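These are the residues of each chain, in order.
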Amino acid sequence: MGIRDPQILASLDVWLGFLRVVLEDRIRSTLELDPQQYQIALRCYGADAVLGPLEASAGPPREIGLLFKVRAASQQTATAIAQVANPLLLHLPLPGMDHLPSFAFATSPAEIERGPSYEFVLNHILELEQGTDLFRTEFCEVTNA
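Residues numbered from 1 in each chain as written. Predicted model: local features only at pLDDT ≥ 70, side-chain atom pairs only at ≥ 80, totals over all residues. Heavy atoms only, no water.

Colleague: Kindly report on the nonpolar core, identifying the contributing residues and their values.
Modeller: Counting residues in each nonpolar core, the largest one holds 30 residues, and the members touching the most others are Ile3, Trp15, Leu66 and Phe68. For this core, the secondary-structure elements that each account for two or more residues are helix 1 (6-10), helix 2 (12-31), strand 2 (38-45), strand 3 (64-72) and helix 3 (75-91). Not counting residues within four places of it along the chain, the set of residues in contact with Leu66 comprises Met1, Ile3, Trp15, Leu16, Leu42, Arg43, Cys44 and Leu89. (Core = buried A, V, L, I, M, F, W, Y, C linked by side-chain atoms within 4.5 Å. Buried < 20%, exposed > 50% of the residue type's maximum accessible area, 1.4 Å probe, protein only. Helix = DSSP H or I, 4+ residues; strand = E, 2+ residues; numbered from the N terminus. Contact = heavy atoms within 4.5 Å.)

In structure tokens, the structure reads:
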């Protein structure tokens, strides 16, 4: 989604924290899921990426792209969580705001099902006499160069 509301951007970290709290509460009340049953990632990208240098400014960015990612035990659960998040990602104000902000989704429908995901974990332990034992080192003496 794209965010251009200056009040939100000036307090982006506060808004992202508030979004997470409200979203977890809604997921718990509507889907009866605890935070241990899913993972949410909020990633901000491309400060000033839409209008770029046409709107250069000092201070907070004028716009950002926010990527909302959710992982769960099933695609159905992940999609349901994304759908619960949908209205919040379109209009969630900061506490105390006097207007309802509007943000823009990059895709329609907003949810893109990605299917199974896997985590690669490498956990090898090597006991070495010296830290350089993993590297082949070859010395050549050059004379009369």
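Next comes the rest of the write-up.
Colleague: Give a detailed account of a nonpolar patch on the surface, specifying residues and quantitative values.
Modeller: A grouping of Leu126, Leu128, Leu134 and Phe135 is seen on the molecular surface, where their side chains present a nonpolar patch of about 430 Å² in accessible area. One can find Leu126 in the segment after helix 3. (Patch = residues over 30% accessible without salt bridge, like charges linked within 9 Å, V, L, I, M, F, W, Y side chains within 5 Å. Areas by Shrake-Rupley, 256 points an atom, 1.4 Å probe, with all protein chains shown as cover. Salt bridge = Lys/Arg side-chain N within 4 Å of Asp/Glu carboxyl O.)

Colleague: Mind laying out the sheet that holds strand 2, listing which residues take part and the relevant values?
Modeller: With antiparallel pairing, the three strands of this open sheet are ordered in space as 1-3-2. Looking along the sheet, the strands with just one partner apiece sit at the ends: strand 1 (2-3) and strand 2. Running at roughly 155 degrees to strand 2, helix 2 makes contact with strand 1, strand 2 and strand 3 of the sheet. Against the sheet, helix 3 makes contact with strand 2 and strand 3, and its axis sits at roughly 150 degrees relative to strand 3, the strand it touches most. (Pairing = 2+ DSSP bridges. Axes fitted to C-alpha atoms, helices over the stretch in contact; angles between N-to-C directions.)

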